[in-house]
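# Working through the structure, step by step
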Amino acid sequence: MDKNTQIERFLDKIEDEYKITIILAIESGSRAWGFPSKDSDYDIRLIYHHPESWYLSAFKKRNVIENIFEDDLDAAGWDITKSLQLLYKGNAPVYEWLNSPIIYRQDQQKLSLLKGLAFKAFNPKVIFYHYISLAKKKILTDSTRKNSKSFLYALRALLCAQWVAENKTPPPVEFENLVECYIPAGTLNDKLTNLLKVKSVACEDDKNEIDNQLLKYAEEKYTELADLSIDEKRMGETGIYDRVLSEIIKISPNA
């Protein structure tokens, strides 16, 4: 069985077991970013909804699905209510899911409603600080100097933060697009290309000393970005989130 067929059957099984309808199923993490290791799992992330009657309850229900495993497939996801709450808070991962280049399943009509809201709700300040905080955690640890995965996660977070600061839009998910923007051809780019090659044939926990020039670039980039002040943009009206929820769960599967 090829991988796409396995994933399709896996998604069908999840829909059937949890009695949900998948709006979007994507790949997240290093595979979506473009630098998986040779033993990377498939990190499948879902945005889904239940039947309309599920939402008519006086009691709060669980709105996440976690830790569903099958071989090297790892699935988790958020109900549409959770997804909308995260959009309101300015959650960066939900934007990465909505813009993942690797899509396993999507409902275009429902997804367009969600993406339209995400565009309006984008909050540069919150997203910027998500990425700069992530970079800080990675850069200031010894593991970053000895693990290609840790370093590349830190560098990608830095370039995402720079993108948000400059463009006030969600950053590209693919690492190569960020590199093309901010690390032009030359010695540094060559060193990064070599590091990506090393990671592609290494295991997740392999130790590889990171080139000092790359480390210096990342440290200087963090210092440059850390003091920036980003304007906040928050869409305060909550009614639009309720309207999108209502529209999505009322759309017939065969519409």
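Along each chain, the written sequence defines residue order, and numbers are assigned to residues from 1. Only residues with pLDDT of 70 or above have their local features reported here, since the model is predicted, and side-chain atom pairs are shown and tallied only from 80 upward, although totals for entire chains, interfaces and linings are computed over all residues. Side-chain metrics rest on all non-hydrogen atoms present in the structure, leaving aside hydrogens and water.

Another aspect to go through is the overall build of the chain. The secondary structure listing takes helices from DSSP runs of H or I that are at least 4 residues long and strands from runs of E that are at least 2 residues long, numbered from the N terminus. Along the chain, the regular secondary structure elements total 11 helices and five strands. The globule rule puts the C-alpha radius of gyration for 255 residues at 18 Å, and the 20 Å found for the chain is close to it. If you line up the chain on its principal axes, its C-alpha atoms span 60 × 50 × 30 Å. Per-residue accessibility, obtained with a 1.4 Å probe over protein chains only, is compared with the maximum for each type, and a residue is labelled buried under 20%, exposed over 50%, and partly exposed between these values. Sorting the 255 residues of the chain into buried and exposed places 49% on the buried side. Considering only intrachain contacts with a sequence separation of at least 6, the fraction spanning at least 24 residues in the chain is 73%. Taken over C-alpha atoms, the radius of gyration is set against a globule rule of 2.2 Å times the number of residues to the power 0.38. Throughout, a contact is declared for two residues whenever any of their heavy atoms are within 4.5 Å.

A separate point is the nonpolar core. By size, the foremost hydrophobic cluster in this structure holds 68 residues, and its most contacted members are Ile47, Ile80, Phe151 and Leu159. Broken down by element, this core gets its largest block of residues, 12 residues, from helix α7 (residues 148-167). Those residues in contact with Phe151 that lie beyond four places of it in its chain are Thr144, Leu195, Ile210, Leu214, Leu215 and Ala218. Working definition of a nonpolar core: buried Ala, Val, Leu, Ile, Met, Phe, Trp, Tyr and Cys residues. They are joined through side-chain atoms within 4.5 Å. Within the second largest apolar cluster, 16 residues are counted, among which are Phe10, Ile44, Ile65 and Tyr104.

A separate point is helix α8 (residues 175-182). Among all positions of α8, only Phe175, Leu178, Val179 and Tyr182 are buried. Buried residues in α8, looked at end-on, bunch into an arc of 100°, giving them a common side. α8 presents Glu176 and Glu180 as exposed residues on the side facing more than 90 degrees away from its buried surface. On its buried side, α8 packs onto α2 (30-33), α7, α9 (187-201) and α10 (212-226). Here the arc refers to the directions that run from the helix axis out to each C-beta atom.

Of all the seven residues making up strand β1 (residues 21-27), six are buried; the element is thus mostly covered by neighbouring parts of the structure. Each pair of strands is called paired provided DSSP finds at least two bridges between the two strands. Of the strand pairs in this sheet, β1 and strand β2 (residues 42-49) are connected by six bridges, and their pairing is antiparallel. When the bridges of β2 are listed, Leu24 appears paired with Ile47. Pairing between β1 and strand β5 (residues 103-106): three bridges, direction antiparallel. Directly across from Ala25, in β5, lies its bridge partner Arg105.

Attention now moves to the packing of aromatic side chains. Stacked, tilted and edge-to-face pairs are distinguished by plane angle, under 30 degrees for stacked and over 60 for edge-to-face with tilted covering the rest, among Phe, Tyr and Trp rings (Trp via its six-membered ring) whose centres lie within 6.5 Å. Using the criterion set out here, one finds nine aromatic pairs in the structure. Ring plane angle 50° and centroid distance 5.8 Å describe the contact between Trp33 and Phe35, whose orientation is recorded as tilted. As far as burial versus exposure is concerned, Trp33 and Phe35 are alike and both buried. With a centroid separation of 4.9 Å and an interplanar angle of 75°, the aromatic rings of Trp54 and Tyr55 are classed as edge-to-face. Of the two residues examined, Trp54 and Tyr55, each falls in the buried class. Taken together through their ring pairs, the aromatic side chains of Trp33, Phe35, Tyr153 and Phe175 make up a single cluster. For a lysine, the NZ atom is tested; for an arginine, the CZ atom; a charge sits over a ring if that atom is within 6 Å of the ring centre and within 35 degrees of the ring normal. Lying across the ring of Tyr42, Arg31 places its NZ or CZ 3.8 Å from the centre.

With mixed pairing, the five strands of this open sheet are ordered in space as β3-β4-β2-β1-β5. The open sheet has two edge strands with one neighbour each: β3 (64-70) and β5. Here the strands of the sheet are splayed against their neighbours by 20° on average, with no regard to which way each runs. Inspection of the sheet shows β3 paired to strand β4 (residues 73-79) by five bridges, in the antiparallel sense. Note that in β4 the partner of Ile65 across the bridge is Gly77. A fitted line through C-alpha atoms represents every axis, and for helices the fit uses only the stretch in contact; the resulting angles, taken between N-to-C directions, go from 0 to 180 degrees. Those strands touched by helix α3 (residues 80-89) are β1, β2, β3 and β4, and its axis lies near 75° from that of β4. With respect to the sheet, helix α5 (residues 108-121) is in contact with β1, β2 and β5, its orientation differing from that of β1 by roughly 70°.

Don't take any of this as a statement about function, it's just geometry.
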